[in-house]
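# Chains, contacts and geometry: an overview
Chain by chain, the residues:
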Amino acid sequence: QVQLVEFGGGLVEAGGSLRLSCAASGRTSSVYIMGWFRQAPGKEREFVGGLELRGGSEYFADSMKGRFTISGDNAKKTVSLQMSSLKPDDTAVYHCAATQYCCRDHHISSNYEYWGQGTQVTVSS
């Protein structure tokens, strides 16, 4: 099993920045991709971005490109999400996710086996 813990959520004003981090523990040798999803009240869980830890390939939802960046450390099994130019619409619970599979559609939440509890991000207007 793999456990994921997120860090870094909080309250920020519109236009501000915030950095989220996620650390994996347990049987992490099989983790291939770590990523982020978010879920706002009354909305479905939405893909934010993902990172292949070994190869470095990045995946982003179109609406996040240019504002969010992702980085990670394969040895430490960590991933970080740097969010800039935040908008009130970015308010959500952000969840870290991980998968051991390389070749699925990583925009789909059901293709991730492991999930963190989530961290709240609130952007005030």
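Source: prediction; values computed, not measured. (Residues numbered from 1 in each chain as written. Predicted model: local features only at pLDDT ≥ 70, side-chain atom pairs only at ≥ 80, totals over all residues. Heavy atoms only, no water.)

Let us look at the pattern of salt bridges. Note on pairing: side chains with opposite charge can pair once their charged atoms come close. In this structure the tally under the stated criterion is five salt bridges. The residue Asp62 makes a salt bridge to Lys65 at a minimum N-O spacing of 3.2 Å. For the pair Asp62 and Lys65, a shared accessibility class is recorded, and that class is exposed. Overlapping salt bridges bring together Arg38, Glu46, Arg67 and Asp90 as one network. (Salt bridge = Lys/Arg side-chain N within 4 Å of Asp/Glu carboxyl O. Buried < 20%, exposed > 50% of the residue type's maximum accessible area, 1.4 Å probe, protein only.)

Within the open sheet, the four strands sit side by side as S1-S3-S8-S7. Their pairing is antiparallel. Among the strands making up the open sheet, the edge pair consists of strand S1 (2-7) and strand S7 (68-73). Sheet twist, expressed as the average angle between the axes of neighbouring strands with direction ignored, equals 15°. In the sheet, S7 pairs with strand S8 (residues 78-83) via six bridges, with the strands oriented antiparallel. The residue bridging Ser71 from the neighbouring strand is Ser80, located in S8. (Pairing = 2+ DSSP bridges. Helix = DSSP H or I, 4+ residues; strand = E, 2+ residues; numbered from the N terminus. Axes fitted to C-alpha atoms, helices over the stretch in contact; angles between N-to-C directions.)

What follows covers the state of the cysteines. Counted by the stated rule, this structure contains two disulfides. Each disulfide pairs two cysteine sulfurs, and for Cys22 the partner residue is Cys96, the sulfurs being separated by 2.0 Å. As the torsion about the S-S bond is roughly -85°, the Cys22-Cys96 disulfide counts as left-handed. Highlighted residues: Cys22 in strand S3 (residues 18-26) and Cys96 in strand S9 (residues 92-99), separated in sequence by 74 residues. (Disulfide = S-S within 2.5 Å.)

A few words now on unusual backbone geometry. Backbone geometry places Lys77, a non-glycine residue, at a positive phi of 55°. Look at Lys77 and you get buried, because its relative accessible area is 9%. The backbone of Ser85 shows a phi angle near 50°, a positive value even though the residue is not glycine. Here Ser85 shows up in the loop between S8 and S9.

Now for the side chain of Asp90. Here Asp90 lies in the loop between S8 and S9. A polar atom in the side chain of Asp90 sits 2.7 Å from the side chain of Arg67. Every residue in contact with Asp90, bar those within four places of it in the chain, is listed here: Arg38, Arg67, Phe68, Ser85, Val121 and Val123. (Polar contact = N/O pair within 3.5 Å; in protein donor to acceptor, adjacent residues only side chain to side chain. Contact = heavy atoms within 4.5 Å.)

Following the criterion strictly, the structure yields four aromatic pairs and no others. Each ring, one from Phe37 and one from Tyr112, has its centre 5.1 Å from the other, and the planes form 80°; the classification is edge-to-face. Note that Phe37 is positioned in strand S4 (residues 33-39) and Tyr112 in the loop between S9 and strand S10 (114-115), a separation of 75 residues in sequence. With relative accessibility at 1%, the residue Phe37 sits in the buried group. Judged by centre distance (5.1 Å) and plane angle (55°), the rings of Phe37 and Trp115 are tilted. Pair noted here: Phe37 is in strand S4 and Trp115 is in strand S10, with a separation of 78 residues, a long-range link. Overall, Trp115 belongs to the partly exposed group, its relative accessible area being 27%. Through successive ring pairs, a cluster of aromatic residues spans Phe37, Phe47, Tyr112 and Trp115. Cation over ring: Arg45 sits above Trp115, and NZ or CZ is 4.6 Å from the ring centre. (Phe/Tyr/Trp six-rings, centres within 6.5 Å; stacked < 30°, edge-to-face > 60°. Lys NZ or Arg CZ within 6 Å of the ring centre and 35° of its normal.)

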